[in-house]
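What follows is the residue order along each chain.
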Amino acid sequence: KNLKSINSQTIRCASIINSILSFIRNTATSSGYHKVNEIIKEVLTYVKYQDTFNEITISKYLKDDLLVYGDRSRYIQVFLNVITNAISAMNGCGILKIITKYKQPSYTLIEINDTGPGIEDKNEGKIFDPFFTTKEPGKGTGLGLAIVYKIVQESNGKIWFKSTPGNTSFYIKLPSEKVSAHEA
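Procedures and definitions
Residues numbered from 1 in each chain as written. Predicted model: local features only at pLDDT ≥ 70, side-chain atom pairs only at ≥ 80, totals over all residues. Heavy atoms only, no water. Buried < 20%, exposed > 50% of the residue type's maximum accessible area, 1.4 Å probe, protein only. Helix = DSSP H or I, 4+ residues; strand = E, 2+ residues; numbered from the N terminus. Pairing = 2+ DSSP bridges. Core = buried A, V, L, I, M, F, W, Y, C linked by side-chain atoms within 4.5 Å. Contact = heavy atoms within 4.5 Å. Phe/Tyr/Trp six-rings, centres within 6.5 Å; stacked < 30°, edge-to-face > 60°. Lys NZ or Arg CZ within 6 Å of the ring centre and 35° of its normal.

**Student:** Would you explain the pairing of strand β7 (residues 167–175) in this entry?
**Tutor:** Residues in a regular strand project their side chains so that they alternate between the two faces of the sheet. Taking burial as the measure, the nine residues of β7 include eight buried ones, the bulk of the element. Bridge count for strand β5 (residues 107–114) against β7 is eight bridges, and the pairing is antiparallel. Paired with L109 across the bridge in β7 is K173. Note: strand β6 (residues 158–164) against β7, seven bridges, orientation antiparallel. By the bridge assignment, K162 is partnered in β7 with S169. With antiparallel pairing between neighbouring strands as the criterion, β6 and β7 make up a hairpin whose turn holds two residues, including G166 at a positive phi of roughly 85 degrees.

Right under this line is the structure:
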């Protein structure tokens, strides 16, 4: 159990360093078409062994054969950060709901919903700001959602959220075909 914990924290440290580096500099990307449901399922395999995942129920409503166009590794980072934040917000107990559907012919919409306490009104305008965190010191860097926002914007997509007490949804709209920046 101790080795698992050490390994988990080592991976977390590497992730933090990579997040800082990718936030500071633009990294080369390799774009292509990817099945969004496969990316989400892969990300869920990464998080389901976290200690905070104990009493969380996952509900998936995944529309078949939806594609996203962009860098697969960056999309993994997007979903990993949003899902990890949702799990963290629920403090180990709640429902994580993931929905994929068409938004428009050229976009796919992904909704990640949690039953955590919600985002306080005073924090709503700061959620995507670099180094903003509501976590206690040492528990978060405040870079996760800032990096998510940057990746989604650079991919010609959009991200937004709606939150009420006991329910928060993050909506991620990603291109399902190659779109030039001026079209987006």
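Let us keep going from here.
**Student:** Teacher, can you tell me more about helix α4 (residues 144–154) here?
**Tutor:** Since the α-helix packs 3.6 residues into each turn, any two residues three or four apart lie on the same face. Listing the buried residues of α4 in full gives L145, A146, I147, V148, K150, I151 and V152. A positive backbone phi angle near 65 degrees is found at N156, which sits one or two residues after α4.

**Student:** When you look at the nonpolar core in this model, what are you seeing that I'm missing?
**Tutor:** Within soluble globular proteins, side chains that are nonpolar tend to cluster in buried spots. The biggest cluster of nonpolar side chains holds 38 residues, and the ones touching the most others in it are F79, I83, L96, F170 and I172. Residue assignment for this core shows that the elements contributing at least two residues are α2 (36–47), β2 (55–62), α3 (72–89), β4 (93–104), β5, α4, β6 and β7. Each residue touching F79, except ones within four places of it in the same chain, is listed here: V36, I39, I40, V43, I110, I112, I172 and L174.

**Student:** Would you mind showing me how to read the environment of I76 here?
**Tutor:** With respect to the helices and strands, the residue I76 is situated in helix α3. I76 sits in the buried class, given a relative accessible area of 13%. Sequence separation of I76 and E42 is 34 residues, and the distance between their C-alpha atoms is 8.1 Å. Excluding anything up to four places from it in sequence, I76 contacts I39, E42, V43 and Y46.

**Student:** Before we go on, may I ask you to explain the packing of aromatic side chains in this structure?
**Tutor:** The relation between two aromatic rings is expressed through the spacing of the ring centres and the mutual angle of the planes. Across all of its chains, the model carries six aromatic pairs by this definition. The interplanar angle of 35 degrees and the centroid separation of 5.2 Å between the aromatic rings of F128 and Y149 together place this pair among those described as tilted. One end of the pair, F128, is in the loop between β5 and α4; the other, Y149, is in helix α4, and 21 residues separate them in sequence. Using a relative accessible area of 34% as the deciding quantity, one classes Y149 as partly exposed. A ring pair is formed by F128 and F170, whose centres lie 6.2 Å apart and whose planes are at 90 degrees; its orientation type is edge-to-face. You can see F128 sitting in the loop between β5 and α4 and its partner F170 sitting in strand β7, a full 42 residues away along the chain. The same class applies to F128 as to F170, namely buried. A connected cluster of aromatic rings, assembled from ring pairs, spans F128, Y149, F161 and F170. Sitting above the plane of the Y107 ring, K173 keeps its charged end 4.7 Å from the centroid.

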